[in-house]
Amino acid sequence: MKIRLDKLDKLVSEYVRKRSGGYCERCGKYYGWKNLQTCHFYGRSRKSVRWDEDNLVALDFGCHQYWGSHPAEFVEWFKSYLGEEKFNLLASRMRIVGKPDKELLTLYFRGKIREVT
C-alpha cells in the first residue's frame, strides 16, 4: 500500500531532514538531506502529532528499517533522544483529539526551513 503524502507532509519532511544537517540521527553518518527519510515515532494516523517536530527524526533507510524491526529498542532510543520530559509531553499531545490547523503549520514549517538553510 502506497503512503499518501500531502504538501504539508513533504514540507515537514524537508524541514526534519534539513534540521539534521544531512546526518542520520541514529548512526550519525552523513547522507545529505535528500537521501534521508523522515521517521515518525507515533504513526501518521495520530493526526495530533503527525506534523509535530518532536515526533520526527531523520534516518537513513537502514536505520529506519532497523527501528521498524526493533520497536522496544526504538522506544528506549527515542526516550533518550528527546529526554524523559519531552517524551512524556509528546505522549500527552498524541492523545489529543482533533485535527491540527494545516495552513498554520504550513506557515510555521516554511519559516523553520528558512532558519535551517
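The preceding data block contains the structure.
Residues numbered from 1 in each chain as written. Predicted model: local features only at pLDDT ≥ 70, side-chain atom pairs only at ≥ 80, totals over all residues. Heavy atoms only, no water.

K.L.:
Explain the overall build of the chain to me, please; I cannot follow it from the model alone.
P.N.:
Along the chain, the regular secondary structure elements total 5 helices and 2 strands. A globule of 117 residues ought to have a C-alpha radius of gyration of about 13 Å, and the chain, at 14 Å, matches this closely. For the chain, the C-alpha atoms occupy an extent of roughly 35 × 35 × 30 Å along the three principal directions. Split into buried and exposed, the 117 residues of the chain put 41% on the buried side. The contacts in the chain between residues at least 6 apart in sequence include a share of 64% that link residues at least 24 apart. The chain carries 23 positive and 15 negative side-chain charges, and their two centres are separated by 7 Å. (Helix = DSSP H or I, 4+ residues; strand = E, 2+ residues; numbered from the N terminus. Rg over C-alpha atoms; globule rule 2.2 N^0.38 Å. Buried < 20%, exposed > 50% of the residue type's maximum accessible area, 1.4 Å probe, protein only. Contact = heavy atoms within 4.5 Å. Lys, Arg positive; Asp, Glu negative; His and termini not counted. Charge placed at Lys NZ, Arg CZ, Asp CG, Glu CD.)

K.L.:
Explanation requested: the pairing of strand 2 (residues 56-59) in the structure shown.
P.N.:
Within a regular strand, the side chains alternate between the two sheet faces. Neither face of strand 2 is left uncovered, since the one carrying Leu56 and Ala58 and the one carrying Val57 and Leu59 both have all their residues buried. Summarising the sheet, strand 1 (residues 37-40) and strand 2 pair through 4 bridges and their orientation is antiparallel. Looking across to strand 2, one finds that Cys39 is bridged to Val57. (Pairing = 2+ DSSP bridges.)

K.L.:
Sorry, what's going on with the nonpolar core here?
P.N.:
Note on soluble globular proteins: their nonpolar side chains tend to be buried together. With 29 residues, the main nonpolar core has Val12, Tyr42, Leu59, Phe74, Phe78 and Phe109 as its most contacted residues. Elements supplying a minimum of two residues to this core: helix 1 (7-19), strand 2, helix 2 (61-69), helix 3 (71-82), helix 4 (84-94) and helix 5 (102-116). The dominant element in this core, judged by the number of residues it contributes, is helix 1, at 5 residues. The contact partners of Leu59, leaving out residues within four places of it in the chain, are Cys24, Glu25, Arg26, Leu36, Gln37, Cys39, His64 and Trp67. (Core = buried A, V, L, I, M, F, W, Y, C linked by side-chain atoms within 4.5 Å.)

K.L.:
Looking at this structure, how should I read the packing of helix 3 against helix 4?
P.N.:
When two helices pack together, their arrangement is given by the angle between the helix axes and by the axis-to-axis distance. Two elements in contact, helix 3 and helix 4, have axes whose closest approach is 6 Å; the angle formed by their N-to-C orientations is 115°. Considering their axes alone, helix 3 and helix 4 lie roughly perpendicular with respect to each other. With respect to the hand of their crossing, helix 3 and helix 4 are arranged in right-handed fashion. Only Glu84, Lys86, Phe87 and Leu90 of helix 4 make contact with helix 3, whose side of the interface consists of Val75, Phe78, Lys79 and Leu82. Taken together, the residues of the contact of helix 3 with helix 4 sort by class into 5 nonpolar, no polar and 3 charged. (Axes fitted to C-alpha atoms, helices over the stretch in contact; angles between N-to-C directions. Parallel < 35°, antiparallel > 145°, perpendicular 65-115°, else oblique. Left-handed = near helix turned anticlockwise from the far one by under 90°. Nonpolar A, V, L, I, M, F, W, Y, C, P; charged D, E, K, R; others polar.)

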